[in-house]
Protein chains: 2
Amino acid sequence: MSTSNRPYHHGDLRAALLDAADALVEKGGDGAVSLREVARAAGVSATAAYRHFTDKEALLAALSARHFRDFGAALGAADTAGGMAGRGRAYVRFALARPGRFRLMFSGLRARSAAHPELREASCAAFEALRGAAGSEDAALRAWAFVHGLAHLLLDGALQGGDEEAVIARLVTEPPPARGGG
Amino acid sequence: MSTSNRPYHHGDLRAALLDAADALVEKGGDGAVSLREVARAAGVSATAAYRHFTDKEALLAALSARHFRDFGAALGAADTAGGMAGRGRAYVRFALARPGRFRLMFSGLRARSAAHPELREASCAAFEALRGAAGSEDAALRAWAFVHGLAHLLLDGALQGGDEEAVIARLVTEPPPARGGG
């Protein structure tokens, strides 16, 4: 992060503010972010930051949207290589790589998506990439819930012992044929 | 919560401190808790509170242990009625009933369990109750990850539309036969 006072081009400053917010979120969660603090970290005035984001929520929505685009790209790339299991493993690895990023993406997703179309589109696209060719809607939702839960359990250290990568490889396998109703 | 200065019996004060911490966590997350604040809410001096808990972590570990005992009881009761699907639904409902409680139970679980045997025992017992007669170790872990992820997705409002209870009933069904390796 720059603390110099060199002028930014318009798009560059937006990106620099997102970078600064990203670093603050990873360090202390979204509670650690204020637009003023982000501006300071990017080396510009709060006024300059407000030209790009009306408030903290708008900034976090834009940052989440960026993350969801990266997430979708990671899932898409994994799909080519490994099918459903490949995407599921990529999902969990994405979460473990940067826990602060993953938590930000989902906390407050409903409210932020409702207010920010950019986030709504990016998150829907990522979920479509996760779903891939998974059969029914319910099968896709079950697969999503499974990898999401595995990510959280690993992030919180709830699973006893063993190397995370080994747990992922062992548990995230190709899905079984359609599950009978209950 | 009492704000009177009537004396507590020893066990009563411990329970009252846990109740006060519980209310604070549900309102503002575990970041909102301090032993001093909890003592104030229970109407006693900080010194009196320190007689029961050496620090905030000890208090949160004891509160989490209490929650895991309730969790295990809820899962056990559901088992009698509804088998694996019944336990899974009870898991998700427990999370949705009080999000702050559920988040506390899992955030920092690894570190708190390591330091507090009471929490370790209560959480292990709850996971055993969840597992029930689920076949293999891996099948049990997959079932756990699935309901844990569904709980988080519902808590964060990530699933589009529809009544939560209907989603739970539709997705949490009896597990399929053993999943082929992949």
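Predicted model only: the values in this text are computed from it and were never measured. (Residues numbered from 1 in each chain as written. Chains lettered and ligands numbered in written order. Predicted model: local features only at pLDDT ≥ 70, side-chain atom pairs only at ≥ 80, totals over all residues. Heavy atoms only, no water.)

Participant: Would you mind going over the interface of chain B and chain A with me for this structure?
Facilitator: One widely used convention gives an interface's size as the accessible area the parts lose upon coming together. Contacts between the two partners involve 30 residues from chain B, matched on the other side by 30 residues from chain A. Of the roughly 3000 Å² buried between chain B and chain A on both sides combined, carbon and sulfur atoms contribute 61%. In this structure, the connection of chain B to chain A is made through 2 salt bridges. For A:Asp138, the salt bridge identified is with B:Arg170, shortest N-O distance 2.6 Å. Summed over the shared surface of chain B and chain A, the number is 7 residue pairs in polar contact (both at pLDDT 80 or more). Mapped by element, the contributors of at least two residues to the side of chain B that touches chain A are α6 (109–115), α8 (137–155) and α9 (164–171) of chain B. No other element matches α8(B), which puts 12 residues into the side of chain B that touches chain A. (Contact = heavy atoms within 4.5 Å. Buried area = accessible area lost by both parts, 1.4 Å probe. Salt bridge = Lys/Arg side-chain N within 4 Å of Asp/Glu carboxyl O. Polar contact = N/O pair within 3.5 Å; in protein donor to acceptor, adjacent residues only side chain to side chain. Helix = DSSP H or I, 4+ residues; strand = E, 2+ residues; numbered from the N terminus.)

Participant: Mind showing me how you'd approach the nonpolar core here?
Facilitator: The nonpolar side chains of a soluble globular protein tend to be buried with one another. In this structure, A:Phe106 and B:Phe106 are the most contacted members of the largest nonpolar core, which totals 75 residues. Setting aside residues no more than four positions away along its own chain, A:Phe106 makes contact with A:Phe68, A:Tyr91, A:Phe127, A:Trp144, A:His148, B:Leu153, B:Asp156 and B:Ala158. (Core = buried A, V, L, I, M, F, W, Y, C linked by side-chain atoms within 4.5 Å. Buried < 20%, exposed > 50% of the residue type's maximum accessible area, 1.4 Å probe, protein only.)

Participant: Mind showing me how you'd approach the UniProt feature "DNA-binding region" (unreviewed entry) in chain A here?
Facilitator: Annotation from UniProt places "DNA-binding region" (unreviewed entry) at residues 34–53 of chain A. The span residues 34–53 of chain A is 65% helix and 0% strand, and its two end C-alpha atoms sit 11 Å from each other. (UniProt positions renumbered as here; feature names shortened; annotations may be inferred.)

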